[in-house]
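# Chains, contacts and geometry: an overview
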Amino acid sequence: MKKILFILAFFIGTISSFAQDLDQYKYIIIPEKFEFSKEENQYQLNALTKFLFEKYGFETLMKSEQKPLDLQENYCLGLTASVKDHSGLFVTKLVVQLEDCRGNIVFETKEGRSRIKEFKDAHHEALRDAFSTIEELNYEYDPSEVSGATASENEEAPQAVEKAEVAQTEPKTEPTKTSEEIETPTTAPAEVVVENPMVENASAKELNFEKDGINYSLEKSDSGYSFYQENSEEPFAVLAKSGGENSFIYKSLTRQGVAYFDEGGNLIVEYLNAENKSVELVYKASAN
């Protein structure tokens, strides 16, 4: 009995220490395509991964995005996320891993599972199930926990070496960018609309949709889209780019989820409701 209690105490202590270790990392870097995928953001899985990390308090960015200044100076502030597919014939199984700047796996979730037959829904359910492990961490970035990695140590990491090689090809006279010029991913929680950087520079409304007899339109900018309801001067939602050309993070006053355009040009919005169930909204493309 004592042996069992000792093993249990050791296991709990290990999990607690693991959670504290993640607090030293400020960013989660998400690739546009996972190893098992046939195309970028297949099943909108990469966008959903970004959304779920932000939901549980992490600051995220896609791998192709411009890196914040502190991450450029210390690549070890970030962890690279990957999703591993262990699926069988009847069960979809996904595991989320976090890799540090030296290529070490520092965290791995439980195996999320789904028995849904439809591929996309199955992968979404399995991923959300895997993220229950991350939810339990109650992550909160703590600068005092940051590892004191030096520049020379960073250069030993595979990712940092690649970054250094790219830096050598850039002109040394390039002025240092201010904090305002550097794109920093938002970590606003669900139910909250962040300040919309795309409204100020948006072009004319150019994409039109209809849902339940109401007309809607999207206003495009370099950052994504602003979503307007008919006869409204203010957008009720924002679609921010999240990697691929057809992948967006959807944020409104009451909802946060993912959005994309289907083959017919319709806008599909997916989010999690209060009962933790996936909801899909379809805005039909129109010529108005």
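If you're wondering where the values come from, they're calculated on a predicted model, not measured in any experiment.

### Topic: the state of the cysteines
Per the stated rule, a full pass over the model turns up 1 disulfide. Two residues, Cys-76 and Cys-101, share a disulfide whose sulfurs are 1.9 Å apart. When the S-S torsion is 75 degrees, as for the bridge of Cys-76 with Cys-101, the disulfide is right-handed. Taken together, the positions of Cys-76 in the loop between helix H3 (69-73) and strand S3 (78-85) and Cys-101 in the loop between strand S4 (92-99) and strand S5 (105-108) put the pair 25 residues apart, joining distant regions of the chain.

### Here's the deal with the pairing of strand S8 (residues 214-221)
In terms of strand pairing, S8 meets strand S9 (residues 224-229) through 6 bridges, oriented antiparallel. Residue pairing for S9: Ser-221 is matched across the bridge by Gly-224. Connecting the antiparallel pair S8 and S9 is a turn made up of 2 residues.

### A short note on the pattern of salt bridges
Enumeration over the complete set of coordinates arrives at 7 salt bridges. Lys-26 serves as the salt-bridge partner of Asp-70, at 2.8 Å between the closest nitrogen and oxygen. Of this pair, Asp-70 sits in helix H3 while Lys-26 sits in the loop between helix H1 (2-22) and strand S1 (27-30), and the two are 44 residues apart along the sequence. A salt bridge links Asp-212 to Lys-211; the shortest N-O distance between them is 2.8 Å. Under the relative-accessibility criterion, Lys-211 is labelled buried at 19%.

### Examining the packing of aromatic side chains
This model, assessed by the stated rule, comprises 15 aromatic pairs. With a centroid separation of 6.4 Å and 35 degrees between ring planes, the pair formed by Tyr-43 and Phe-119 is classed as tilted. Placement of the pair is Tyr-43 in the loop between S1 and helix H2 (45-55) and Phe-119 in helix H4 (residues 119-130), with a sequence separation of 76 residues. Overall, Tyr-43 belongs to the partly exposed group, its relative accessible area being 23%. Here Phe-119 falls in the exposed class, since its relative accessible area comes to 54%. Taken together, Phe-53, Tyr-56, Phe-58, Phe-131 and Tyr-139 form an aromatic cluster joined through their ring pairs.

### Observations concerning the nonpolar core
In this structure, Leu-22, Phe-53, Leu-98 and Leu-127 are the most contacted members of the largest nonpolar core, which totals 31 residues. For this core, the elements supplying multiple residues, two or more each, are S1, H2, S3, S4, S5 and H4. Counting residues per element, this core draws most heavily on H2, at 6 residues. One finds Tyr-216, Leu-218, Ala-237 and Val-269 within the second-largest nonpolar core, a separate group that totals 16 residues.

### Considerations on the pairing of strand S2 (residues 59-62)
Because side chains alternate across S2, one face comprises the buried residues Glu-59 and Leu-61, and the other comprises Thr-60 and Met-62, equally buried. Relative to S2, S1 is paired through 4 bridges, and the arrangement is parallel. Bridge pairing in S2 places Tyr-27 opposite Glu-59. Since S1 and S2 lie parallel, the crossover through H2 that links them has a hand, and here it is right-handed.

### Brief notes about the confidence of the model for the protein chain
Low-pLDDT portions of the prediction should not be read for the details of their coordinates. Of all residues in the protein chain, 71% attain a pLDDT of 70 or more, and the chain-wide mean is 76. Low pLDDT (under 50) marks residues 2-20, which in the prediction has 3 contacts with non-local residues, meaning those over four places away or in another chain. In this model, residues 148-204 is a region of pLDDT below 50 whose contacts with residues beyond four sequence positions or in other chains number 84 contacts.

Parameters at a glance
- Residues numbered from 1 in each chain as written.
- Predicted model: local features only at pLDDT ≥ 70, side-chain atom pairs only at ≥ 80, totals over all residues.
- Heavy atoms only, no water.
- Disulfide = S-S within 2.5 Å.
- Helix = DSSP H or I, 4+ residues; strand = E, 2+ residues; numbered from the N terminus.
- Pairing = 2+ DSSP bridges.
- Salt bridge = Lys/Arg side-chain N within 4 Å of Asp/Glu carboxyl O.
- Buried < 20%, exposed > 50% of the residue type's maximum accessible area, 1.4 Å probe, protein only.
- Phe/Tyr/Trp six-rings, centres within 6.5 Å; stacked < 30°, edge-to-face > 60°.
- Core = buried A, V, L, I, M, F, W, Y, C linked by side-chain atoms within 4.5 Å.
- Right-handed = clockwise from strand over helix to strand, strands pointing away.
- pLDDT = per-residue confidence, 0-100.
- Contact = heavy atoms within 4.5 Å.

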